Amino acid sequence: MSRKTILPNIAYDTQRRSYYVTIRRPAPPGGTPRRTVRCYPTLELAIQALDRKGGEEILANGEDLDKLTLGQWLTYWLEQIIKPSRSASTAHGYTMIIRNHLSPSLGTTQISKLTAAQVQMYLNRMQAKGLCANTVRKHYMLLHNALEHARKQDLVMRNVTEYVTPPTASDPTHHFYDSETMARLFEILAGTSMEPVVKLAGYLGLRRAEICGLKWNHVDREQKVITIAEARTTVNGRPVNKSTKNRSSIRRLGYAGLLDMEELIERLWNQRQEEMERMGDRYEDNGYVICHDGGRPYQADYLSNRLQRVLSKTELPYVTLHGLRHSFASIANSQNVPLFGISRALGHSTTSTTSRIYMHLFDDTHLSVVQAVGEAVGGSSSEQSKSSASE
C-alpha cells in the first residue's frame with residue numbers, strides 16, 4: 001500500500017509523493033457524517049489545512065476551547081486578523097514563519113498549556129539551526145502578537161512570551177558609497193537602462209519597491225516634483241502593487257535645479273512617447289516610469305540582480321540598491337543636512353527611526369561636532385588668556 005498515515009488525519013502517498021488530508025464533518029440532522037479528502041504537495045500545507053478546519057470549528061462553536069492547539073489558533077489568527085488588515089507581503093512573511101517553523105514545532109500543543117519553557121527552547125533551536133538573531137526575534141514577535149490576541153479573547157490566561165528572553169538584536173551590516181564612488185557608478189551606467197534606477201535610489205533615496213512602483217501620474221514635470229505614493233513588490237513569486245510602507249512614506253521630492261535628474265526625467269518621458277508611437281497597441285501602457293522596452297514593469301529582484309552583474313565587471317565595492325538609499329542618507333548627513341530633513345526625504349515615520357537605522361553613518365558627524373565645539377571653546381579660552389596677559 002503506497003498511502004500511509006503519518007499524523008492523525010494526514011496520510012502520505014509514496015508513489016505520488018503527496019499528502020492527503022481527511023476532513024470529517026459532523027452528521028446533519030437525520031444524515032450521516034461526511035468525509036472529504038484533499039491532496040497537498042507538502043506536509044506543511046497539509047497541516048495548515050487541517051489546522052484551519054479544526055480551529056474554525058472550535059472557535060465557531062465556542063466549545064472545547066481547551067482543545068484548541070497553537071497551530072489552529074495561528075492559522076485562524078493569520079486568516080481572520082492579519083490578512084484583512086496587513087499588506088500582502090507582511091501576511092506572506094507571517095505565513096512562511098507559521099507554516100515552515102512554528103506549526104511543525106509547536107503546532108500540536110494546546111494553546112492553554114503552552115509554557116514559556118517550550119517557547120524558549122523553540123527560539124534556541126531556531127538559532128542552533130542557523131537562523132540569525134534578528135530572524136528569530138521576528139518569530140518571537142509574531143508569537144507574542146498572536147498570543148496577545150488570544151489573551152484578549154480569553155483563550156489563554158496570560159501571554160507566556162512575556163516570560164521568555166528573545167535573542168538580542170544585532171545591527172545589520174550596511175554597505176554604502178561616498179559621493180565620489182556614487183558619481184563613478186553614475187558615470188559607468190550612463191546611457192544604460194540601469195542609469196535611472198541607480199539615480200532614483202542615489203539622488204532621491206528611494207526604496208527599490210518605490211522605484212518599481214513609480215508612475216508618470218506622480219511625476220510633475222512642470223514643477224519638477226516626484227510624489228512617492230505607490231510601491232511594487234513580489235509576494236510568493238507574484239507581483240503586487242501596494243501603497244507605500246507607511247503614511248510617512250508618502251512624500252514629495254523636488255528635483256528642480258538638479259540638472260542631471262531634470263535631464264534624466266525628460267529623456268525617459270521622450271523615450272516613452274517614441275516607443276508608444278512606434279509600437280502602437282503592442283505597447284503595454286501601465287504608466288510606469290521604470291520599465292522594460294514596451295512598457296512592461298520591472299521586478300524588484302531583477303533590478304537588484306542587474307546591479308550586481310554590473311558591479312561584478314567593475315572595481316567598485318559591493319553595494320545593493322538599498323545600499324544606495326543608505327548612501328543618500330550618508331551623503332546628506334556629510335553635507336550637514338538636518339536629521340529632520342533626511343528623515344522626511346527617506347519617508348521615515350520619526351527621526352528616531354532614522355537615527356536608529358543610520359547611527360553608524362552619523363558617528364563621524366557627531367565627532368566633528370564635538371571637535372568644532374572644542375575648537376570654539378578652546379579658541380575663546382586662548383583669546384581670553386591673551387587678553388588677560390596683555391593687561
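Now for a quick tour of the structure. Bear in mind the structure is a predicted one, so any value in this text is a computation, not a measurement. In this numbering scheme, every chain counts its residues from 1 along its sequence in written order. Owing to the predicted nature of the model, reporting of local features is limited to residues with pLDDT of at least 70; listing and counting of side-chain atom pairs is limited to 80 or more, with chain, interface and lining totals taken over all residues. Hydrogens and water molecules were not included; the side-chain quantities draw on all heavy atoms of the structure.

**Remarks on helix 3 (residues 88-106)**
In step 1: Note on bend: the value at a residue is the angle between axes fitted to the seven residues ending there and to the seven starting there. Secondary structure is summarised from DSSP: a helix means a run of H or I of at least four residues, a strand means a run of E of at least two, and numbering begins at the N terminus for each. The sharpest bend along helix 3 reaches about 40° and sits at Ile98.
In step 2: In this scheme, a residue with accessible area under 20% of its type's maximum is buried, one over 50% is exposed, and one in between is partly exposed, where area comes from a 1.4 Å probe on protein chains only. Buried within helix 3 we find Ala91, Tyr94, Thr95, Ile97, Ile98, His101, Leu102, Ser103 and Leu106.
In step 3: The contact rule is simple, with two residues in contact once any of their heavy atoms fall within 4.5 Å. Buried residues along helix 3 sit in contact with helix 1 (43-61), helix 2 (70-82), helix 4 (116-128) and helix 5 (133-152).

**Some words on the pattern of salt bridges**
In step 1: Counted as salt bridges are all cases of a side-chain nitrogen of Lys or Arg within 4 Å of a carboxyl oxygen of Asp or Glu. With the rule as written, the count across this model stands at 14 salt bridges.
In step 2: The closest approach of N and O atoms between Asp13 and Arg3, which form a salt bridge, is 3.8 Å. Here Arg3 lies in strand 1 (residues 3-7) and Asp13 lies in strand 2 (residues 10-13), a separation of 10 residues in the sequence.
In step 3: In this structure Asp13 comes out as buried when scored by relative accessible area, which is 3%.
In step 4: The partner of Glu195 in a salt bridge is Lys199, with the nearest N and O atoms 2.7 Å apart.

**Overview of the packing of helix 7 (residues 195-204) against helix 11 (residues 321-334)**
In step 1: Where helix 7 meets helix 11, the closest approach of the two axes is 6 Å, and the angle between their N-to-C directions is 30°. For the element pair helix 7 / helix 11, the angle class is roughly parallel. Here helix 7 contributes Val197, Val198, Ala201, Gly202, Tyr203 and Leu204 to the contact with helix 11, which in turn contributes Leu321, Leu324, Arg325 and Phe328.
In step 2: Classification convention: Asp, Glu, Lys, Arg as charged; Ala, Val, Leu, Ile, Met, Phe, Trp, Tyr, Cys, Pro as nonpolar; all other residues, Gly among them, as polar. Grouping the amino acids of the contact of helix 7 with helix 11 by side-chain chemistry returns 8 nonpolar, 1 polar and 1 charged. Only the stretch in contact is used when a helix axis is fitted, and all axes are lines through C-alpha atoms; the angle between N-to-C directions ranges over 0 to 180 degrees. In this scheme, roughly parallel covers angles under 35 degrees and roughly antiparallel covers those over 145, while 65 to 115 is roughly perpendicular and the rest are oblique.

**Notes on the nonpolar core**
In step 1: Working definition of a nonpolar core: buried Ala, Val, Leu, Ile, Met, Phe, Trp, Tyr and Cys residues. They are joined through side-chain atoms within 4.5 Å. One finds Leu200, Ile226 and Leu324 to be the most contacted residues of the largest nonpolar core, which totals 43 residues.
In step 2: Taken together, the elements giving at least two residues each to this core come down to helix 6 (179-189), helix 7, helix 8 (208-213), strand 6 (225-228), helix 9 (259-279), helix 10 (300-312), helix 11 and helix 12 (339-346).
In step 3: Residues within four places of Leu200 in sequence aside, it is in contact with Gly205, Leu206, Ile211, Leu214, Ile226, Met261 and Ile290.
In step 4: One finds Tyr94, Ile111, Met126 and Ala150 within the second-largest nonpolar core, a separate group that totals 33 residues.

**Things to note about the sheet that holds strand 5 (residues 219-220)**
In step 1: A pair of strands counts as paired when DSSP detects no fewer than two bridges linking them. The 3 strands lie next to each other as 5-6-9, forming an open sheet whose pairing is antiparallel. In this open sheet, the two strands that pair with only one neighbour each are strand 5 and strand 9 (251-254).

**Observations regarding the pairing of strand 1**
The side chains of a regular strand alternate, first on one face of the sheet and then on the other.
In step 1: Of the strand pairs in this sheet, strand 1 and strand 2 are connected by 4 bridges, and their pairing is antiparallel. Of the residues in strand 2, the one forming a bridge with Lys4 is Tyr12.
In step 2: If you look at the hairpin formed by strand 1 and strand 2, you'll find 2 residues sitting between the two strands, and Asn9 has a positive phi there, around 70°.

**Observations concerning the packing of helix 2 against helix 3**
In step 1: Helix 3 packs onto helix 2 with a crossing angle of 170° between their chain directions and a minimal axis gap of 9 Å. Classified by the interaxial angle, the pair formed by helix 2 and helix 3 is roughly antiparallel. Residue-level inspection shows Leu70, Gly71, Leu74, Trp77, Leu78 and Ile82 of helix 2 in contact with helix 3, the latter providing Ala91, Tyr94, Thr95, Ile98, Leu102, Ser103 and Leu106.
In step 2: Residue classes in the contact of helix 2 with helix 3 are distributed as 10 nonpolar, 3 polar and no charged.

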